[in-house]
Each structure stands twice: as structure tokens, then as C-alpha cells.
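Architecture at a glance
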Amino acid sequence: ADPGKEYVVYSLIGSSVQFTVNLGGAAGKTLNARFYDPRTGTFQPGFAVAGGNAAESFTKPDVADWVLHLTVNSGPG
């Protein structure tokens, strides 16, 4: 992953509310994450995630369709 790149994960209705994303390629970087509600066109509050974990867990707000939006930023060092 390079600074400024964006990634999305679409989680279908009825799927598990928890899922994992491989962020191993973003080691040493910080990612801004937020969930997007495709039903209303709105974003949930954002949060930061450290890159590098090959199995980073995320929990969507409920079992409906949700999009996880990740933006990679330069990390420390």
C-alpha cells in the first residue's frame, strides 16, 4: 500500500458483523478507516488503524450492507 491509496471492503447484508482484512502490506503506515452506509449515503465516525497486521479485525455496525473505507497515510518513521 502507498500513501494516498484508498481501499474498500463491501460486506453483504446477512454476513458476519466481524471480518478480517490483511493489512500486512501497509506495515509502518497508519490507515484512516470509516464505515459507509450505502442505504443512506453517510459515513460513520472515522478511526485510525495501524498497518502491518495480516488479520486485522473490523466489526460493522450491524448485519446490513456496509462498506469499510480505508485510506493509507504515511506512518511514523
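Sequence order as written defines the numbering, with residues in each chain counted from 1. Confidence filtering applies because this is a predicted model: local features only for residues at pLDDT of at least 70, side-chain atom pairs given and counted only at 80 or more, and all residues used for totals across whole chains, interfaces and linings. By convention in this description, side-chain values take in all heavy atoms of the structure and omit both hydrogens and water.

**Focus: the overall build of the protein chain**
The condition that has to hold: Helix and strand labels come from DSSP, where a helix needs a run of H or I of at least four residues and a strand needs a run of E of at least two; each type is numbered from the N terminus. Residue exposure (1.4 Å probe, protein chains only): buried if accessible area is under 20% of the type maximum, exposed if over 50%, otherwise partly exposed. Whether two residues touch is decided by their heavy atoms; if any such pair falls within 4.5 Å, the residues are in contact.
Along its length, the protein chain carries zero helices and seven strands. Secondary structure elements in the protein chain, listed N-terminal to C-terminal, are β-β-β-β-β-β-β. The buried share of the protein chain, reckoned over its 77 residues, is 30%. A sequence separation of at least 24 residues applies to 75% of the contacts in the protein chain between residues at least 6 apart.

**Some words on the nonpolar core**
Definition in use: What is meant by a nonpolar core is a set of buried Ala, Val, Leu, Ile, Met, Phe, Trp, Tyr and Cys residues, joined one to another through side-chain atoms within 4.5 Å.
Membership of the largest hydrophobic core comes to 14 residues, with the highest contact counts inside it found for Val21, Leu23, Phe58, Leu68 and Leu70. Of all elements in the fold, only β2 (18-21), β3 (29-37) and β7 (66-74) reach the threshold of two or more residues within this core. Tallying contributions element by element places β7 first for this core, with four residues. Here Leu68 is in contact with Tyr7, Val8, Val9, Phe19, Val21, Ala33, Arg34, Phe35 and Phe58, once residues within four sequence places are set aside.

**Remarks on the side chain of Glu56**
What counts is decided by this rule: We treat Lys and Arg as the positive residues and Asp and Glu as the negative residues; His and chain ends play no part in the count. Take a side-chain nitrogen of Lys or Arg and a carboxyl oxygen of Asp or Glu: if they are within 4 Å of each other, that pair is a salt bridge. Here a polar contact is taken to be a pair of N or O atoms separated by no more than 3.5 Å, where protein atoms must pair a possible hydrogen donor with a possible acceptor and residues adjacent in sequence count only if both atoms sit in side chains.
Along the chain, Glu56 falls in strand β6 (residues 56-59). No salt bridge is formed by the buried Glu56; its nearest oppositely charged neighbour, Lys29, is found at 16 Å. Within the local environment of Glu56, its side chain forms a polar contact with the side chain of Asn53, the two groups lying 3.3 Å apart. Discounting chain neighbours no more than four positions away, the residues touching Glu56 are Phe19, Thr20, Val21, Leu23, Val49 and Ala50.

**Quick word on the packing of aromatic side chains**
Each aromatic ring pair is characterised by the separation of its centres together with the angle its planes make. Note the cut-off: Side-chain rings of Phe, Tyr and Trp, where Trp is taken by its six-membered ring, are said to pair if the distance between their centres is within 6.5 Å; with planes under 30 degrees apart they count as stacked, over 60 as edge-to-face, and otherwise as tilted. To sit over a ring, a charge needs its Lys NZ or Arg CZ within 6 Å of the ring centre and within 35 degrees of the ring normal.
Using the criterion set out here, one finds six aromatic pairs in the structure. Relative to Phe35, the ring of Phe19 lies with its centre 6.4 Å away and its plane at 85°, an arrangement referred to as edge-to-face. In this pair, Phe19 is assigned in strand β2 and Phe35 in strand β3, connecting sequence segments 16 residues apart. Relative accessible area serves as the criterion here: at 15%, Phe19 is assigned to the buried category. A centroid spacing of 4.9 Å and a plane angle of 55° characterise the contact between Tyr36 and Phe43, whose relative ring orientation is tilted. With a relative accessible area of 25%, Tyr36 lands in the partly exposed category. A residue is classified by how much of its surface remains accessible, and Phe43, at 39% relative accessible area, is partly exposed. Among the aromatic side chains, those forming a connected cluster through ring pairs are Phe19, Phe35, Phe47, Phe58 and Trp66. Lying across the ring of Trp66, Arg39 places its NZ or CZ 4.9 Å from the centre.

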